[in-house]
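The residues making up each chain are set out below.
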Amino acid sequence: MSRRFPFYFAIALLIIAGISLASFRHISLGVPFAVGEQRPVWMVEARVDFVALGNPVLVSLHLPERPPGFRQLTEQAASPGYGFSIIQRSQERRGEWSIRQASGPQTLYYSIQLVADGNVQPLIPDTPPLAEAVFWEEPQATAARELVQRARQKSSTSESFTRELIKLLQSSDPDQNTALLLASNEYVDLVTRMLNYAGVPAQTADGLKLEDARRRQMLRPFLQVYNGREWLTFNPETGEQGLPGDVLLWRQTAPSLLDVMGGTQSSVSFSMLRQTVPALQLSREESERQGLGLMSLYQLPIEEQGMFRMLLLLPLGALVVAFMRIIIGVRTSGTFMPVLIAIAFVQTSLVPGLIAFIAVVSLGLLMRSYLSSLNLLLVSRISALIILVIFITTGLSIVGYQMGFNTGMTVTFFPMVILAWTIERMSILWEEEGPHEVMVQGAGSLFVAVMAYLVMDAPLARHLTFNFPELHLVVLGLILLMGNYTGYKLSELRRFYPMKVYDR
Amino acid sequence: MRWISPRRLNRVGLLNMNRRNVDYIARYNDRSAFPLVDNKLKTKLLAQDHEIATPALIQVVTQQHEIRHFREAVAELDGFAIKPAKGSGGKGIIVLSHREGDDFVKASGARVSVTTIERDLSNILAGLYSLGGTPDVAIVEKLIRCEPSLARHSYQGVPDIRIIVFKGYPVMAMLRLSTQASDGKANLHQGAVGVGLDIATGKPLNAVQFNRPVYEHPDTGKDFSDISIEDWRNMLVTASRCYEATGLGYMGADMVVDASEGPLLLELNARPGLAIQMANGRGLLPRLQHIEGLKRVHLTPEKRVNYAMEAFDLSHQLL
């Protein structure tokens, strides 16, 4: 056993490498393991309305940047006659529309595609923000000081202080101080100001509740509090901490949402749509943009991709043949002939392929029996057989086409030389061992071919082999492992049945 | 369907195909020695160097045009055998037992003309019977006249004796008798009868045909119990000598007993089949492991044969 240890170690390495590479690609690029896995994608459209005054117009809309819980896929703007560009500043990303002259009601659109992703890291400020200086006038100053005092007594951290403050302000039976403050301030502004006043950096953010097929939605304010490490989001009404999964934070640190120069009565509204996109397409689009797709076969031209789709199925066929011969003990005519036949089946589909194959081989065997009586040299006999096989396939195609079957045409997918050798081998087998052995080996080959076909044609197999080429390391490991199998074949349990008598 | 459980097979010590390939052929048989045994001509020349008796060589046909000389070479002969040098499993072997006018008569009794034989020779040269269809040569050998006491047990063909030689020790032996079903060939999978032989005495043990036990020859009706191989020890020594000749650790030596010349080596096989275990009614593994476990190996064929005849004597051991 120890002699074999490096071998098993290498196999384990192969298998682990294959699986971990595949998992890495699954996790980091989101290439799905299952076929046709669907992911929800949100299509959010911002609509800016304003009335232009006949002068140059510059519209600047804040665009979401790394909103918590979402990953941006695509974005685009639609705006007839306007120039559009996205401007990245240190703290924010803005979309700017501009036009030399416009008048009357104007509508601009900006749409963004987002996919829910819990792994997105929230934006961390470069420098820790400081609480803004807030000045109150009397008597508000006293009321605010008193309220902050009470909230601070009941709390220990910025988070608990925020919760307590909201609780005080939201109390169903507000005292005089609270009532005074609420009467003269906007509520969310008030909370933000009081937090800053208490020395806790706070800001308001605008969030959008995502619901399928909603139009004319407005942003809702959320409270953000800096706890020394990151911005925490609170619901300003309930004091509930954290952002609900269906809320997209459109604006976070930026001071303004929309600036319009040269227009009046501006407003932003949002509409949204939930789409489902195959996860595979999603990851492909992303990896293309991230440049991480180098490992993907999708980088190749479509034609080569098609070839690789077939090529990458071959190892599975080889695995099936190895399993059938080593573990099961099926006798086949020619070691890998079944795989090549199975590849042809993949292109022809099973039943037409089987019919075509059996027809060609039977006709070929008939003709070969005549060739045998001609007493030719081997090479010329095989060559003649190849030509005959081509005649047979041509004939079958034409007859099939005339009779209205497309089946005939698919014969051409079979490798001609392999067919010729199969016929030759079967014919010799017939002469030497009799028709029984021909049936056994022929049926064995077809059985293995059909098994290989079923494995290779499974949608999951096609998907995995092409999208996770590294899984072939696992196949390789399994084949090597089988090469080391010294146990009984299934067929041997039958073959050696008579030994039962000698088992004392 | 009738099955035997792997556990019971293990208890019998049955060597299976995967294990034979991985643990014995791959481990003990050097790849470079394979051509020596896969080519009957090379085996024959090698055997001559090591004083192992083989059937006399009449002619070697290597080129198509040499087929024309074939008529002259066999003009004086009554019977002979034609073999493809690289043939396997007895494929392409033609045994012509005697002449009848211008034609020859096969062991099976069929008459064949010289033209037919020439065509067969041409096929052999083209590689019809060789692995992968590579060009081959044909060997024309003197016909073996089988020892009559053994010949009467076989239908038509010459009975041969397969001896498994492991690291130079004969570990198991079997007599192969051709039948009508096997078309005069001594190949078990074609329907020949295999009779297991006691390594110690050369006496018969069990017999199988088509993997099923049989008790008398299906064609001659003869009981196998009165079989005895003359000069048994000498035959084992000849087989054992092939180890020094080829260096193959695990092989099958096919021997015949010629009426006048005694034990002759027919051919060697680097991948001997597993059916011998059924003919013997016992597995090879215990014996192979016994030899593998020897602290000191015996250096001469005679000593090895003595040891094997002692160690594998069924009367006092169960190996």
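Residues numbered from 1 in each chain as written. Chains lettered and ligands numbered in written order. Predicted model: local features only at pLDDT ≥ 70, side-chain atom pairs only at ≥ 80, totals over all residues.

For the rest of this paragraph, the subject is the overall build of chain A. Each helix and strand in chain A was counted, giving 16 helices and 13 strands. Counting only residues that meet the buried cut, chain A has 32% of its 504 residues in that class. Contacts in chain A between residues at least 24 apart in sequence constitute 76% of all its contacts with a sequence separation of at least 6. (Helix = DSSP H or I, 4+ residues; strand = E, 2+ residues; numbered from the N terminus. Buried ≥ 20, exposed ≤ 12 C-beta atoms within 10 Å, placed from the backbone. Contact = placed C-beta atoms within 7 Å.)

Let us now look at the overall build of chain B. Helix and strand content of chain B: 11 helices and 13 strands. When burial is assessed residue by residue, chain B has 49% of its 319 residues classed as buried.

On to the nonpolar core. Ranked by size, the top nonpolar core spans 95 residues in total, and within it Val165, Val171, Cys242 and Met255 of chain B carry the most contacts. Among the elements that make up this core, the one with the highest residue count is helix α8 (residues 232-246) of chain B (eight residues). There are two domains that each give this core at least three residues, and those are domain 1 (6-52 + 147-311) and domain 2 (57-142) of chain B. Here Met255 of chain B is in contact with Asp160, Ile161, Ile163, Met235, Thr238, Ala239, Pro263, Leu264, Leu265 and Leu266 of chain B, once residues within four sequence places are set aside. In this structure, Leu63, Phe161, Leu223 and Val260 of chain A belong to the second largest nonpolar core, which totals 50 residues. (Core = buried A, V, L, I, M, F, W, Y, C linked by C-beta atoms within 7 Å. Domains from an automatic or database assignment.)

Residues and elements named next belong to chain B. Here Glu51, not a glycine, exhibits a phi torsion of approximately 55°, which is positive. Here Glu51 is to be found in the loop between α4 (40-49) and β1 (57-61). Positive phi, normally seen in glycine, also occurs at Lys167, with a value near 50°. Secondary-structure assignment places Lys167 in the loop between β7 (160-166) and β8 (169-177).

The subject of this paragraph is the interface of chain B and chain A. The partner chain A presents 24 residues to the 30 residues of chain B that form the contact. Secondary structure elements with two or more residues in the side of chain B that touches chain A: α1 (6-12), α2 (17-28), α6 (114-126) and β11 (212-213) of chain B. In terms of residue class, the side of chain B that touches chain A is made up of 14 nonpolar, seven polar and nine charged. (Nonpolar A, V, L, I, M, F, W, Y, C, P; charged D, E, K, R; others polar.)

Attention now moves to the sheet that holds strand β3 (residues 94-100) of chain B. Hydrogen bonding along the main chain pairs the strands of a sheet, whether they run parallel or antiparallel. All names here are of chain B. Read from one edge to the other, the open sheet built from six strands follows the order β1-β6-β2-β3-β4-β5, with strand pairing classed as antiparallel. Bordering the open sheet on either side are β1 and β5 (111-112), each of which pairs with just one other strand. Taken together, the five bridges between strand β2 (residues 80-84) and strand β6 (residues 138-142) define a ladder with antiparallel strand orientation. Counterpart to Ile82 in the pairing with β6 is Val140. (Pairing = 2+ DSSP bridges.)

Residue and element names in this part refer to chain A. Read from one edge of the open sheet, four strands run β10-β9-β7-β11, paired in antiparallel fashion. The outermost strands of the open sheet, each flanked by one partner alone, are β10 (231-234) and β11 (247-251). Each strand axis lies, on average, 45° off the axis of its neighbour in the sheet, ignoring direction. Along the sheet face, helix α5 (residues 187-197) touches β7 (202-209) and β9 (220-226) and points at about 145° away from the line of β7. (Axes fitted to C-alpha atoms, helices over the stretch in contact; angles between N-to-C directions.)

Here we come to the packing of helix α8 (residues 314-328) of chain A against helix α9 (residues 337-348) of chain A. Residue and element names in this part refer to chain A. Packing of α8 against α9 brings their axes to within 9 Å, and their N-to-C directions diverge by 135°. When the axes of α8 and α9 are compared, the pair comes out oblique. As for the relative orientation of α8 and α9, their crossing is right-handed in sense. Facing α8, whose interface residues are Leu314, Gly317, Ala318 and Val321, α9 presents Pro338, Val339, Ala342 and Ile343. (Parallel < 35°, antiparallel > 145°, perpendicular 65-115°, else oblique. Left-handed = near helix turned anticlockwise from the far one by under 90°.)

All names here are of chain B. In this model, chain B carries an average pLDDT of 87, and 97% of its residues clear a pLDDT of 70 or more. Averaged over each element, pLDDT in chain B is lowest for helix α5 (residues 70-73) (81) and highest for β7 (94). Predicted complex metrics record ipTM = 0.79 and pTM = 0.66. (pLDDT = per-residue confidence, 0-100.)

Our focus in this paragraph is the confidence of the model for chain A. Averaged over every residue, the pLDDT of chain A is 81; residues scoring 70 or more account for 89%. Mean pLDDT across the elements of chain A ranges from a minimum in helix α6 (residues 279-290) of chain A, with 63, to a maximum in helix α15 (residues 472-482) of chain A, with 93.

For the rest of this paragraph, the subject is the packing of α8 of chain A against helix α13 (residues 435-457) of chain A. Residue and element names in this part refer to chain A. Contact geometry of α8 with α13 gives a least axis separation of 9 Å together with a crossing angle of 140°. When the axis of α8 is compared with that of α13, the two are oblique. Here α8 runs over α13; the crossing is right-handed. Across from Leu316, Gly317, Val320, Val321 and Met324 in α8, the residues of α13 making contact are Val448, Met451, Ala452, Val455 and Met456. For the contact of α8 with α13, a count of residues per class yields nine nonpolar, one polar and no charged.

Turning next to the pairing of β8 of chain B. All names here are of chain B. Counting buried positions over the nine residues of β8 gives nine, a clear majority of the element. Pairing of β7 with β8, which is carried by seven bridges, proceeds in the antiparallel orientation. The residue of β8 that forms the bridge with Arg162 is Met174. Joining the antiparallel neighbours β7 and β8 is a turn of two residues, in which Lys167 adopts a positive phi near 50°. Examined bridge by bridge, β8 and strand β9 (residues 193-197) share five bridges and lie antiparallel to one another. Residue pairing for β9: Leu177 is matched across the bridge by Val193.

Taking 1.5 Å as the rise per residue, α6 of chain B with 13 residues should run 18 Å; its terminal C-alpha atoms sit 18 Å apart, in good agreement. Where α6 of chain B is concerned, the buried positions are Ile117, Asp120, Leu121, Asn123, Ile124, Leu125 and Ala126 of chain B. (Expected span 1.5 Å × (residues − 1).)

Here Arg150 of chain A is to be found in helix α2 (residues 140-153). Here the alpha-carbon distance between Arg150 of chain A and Phe161 of chain A, two residues 11 residues apart in the chain, equals 9.7 Å.

The subject of this paragraph is the environment of Arg2 of chain B. Relative to the assigned elements, Arg2 of chain B resides in the segment before α1. The contact partners of Arg2 of chain B, leaving out residues within four places of it in the chain, are Arg494 and Tyr497 of chain A.

Another aspect to go through is the environment of Glu92 of chain A. Residues and elements named next belong to chain A. Among the structural elements, Glu92 can be located in the loop between β4 (83-88) and β5 (93-99). Judged by local crowding, Glu92 falls into the partly exposed class, with 17 C-beta atoms found within 10 Å. Residues Glu92 and Leu63, spaced 29 residues apart in sequence, show a C-alpha to C-alpha distance of 7.7 Å. Setting aside chain neighbours within four positions, we find Glu92 in contact with His62, Glu65, Thr253 and Ala254.

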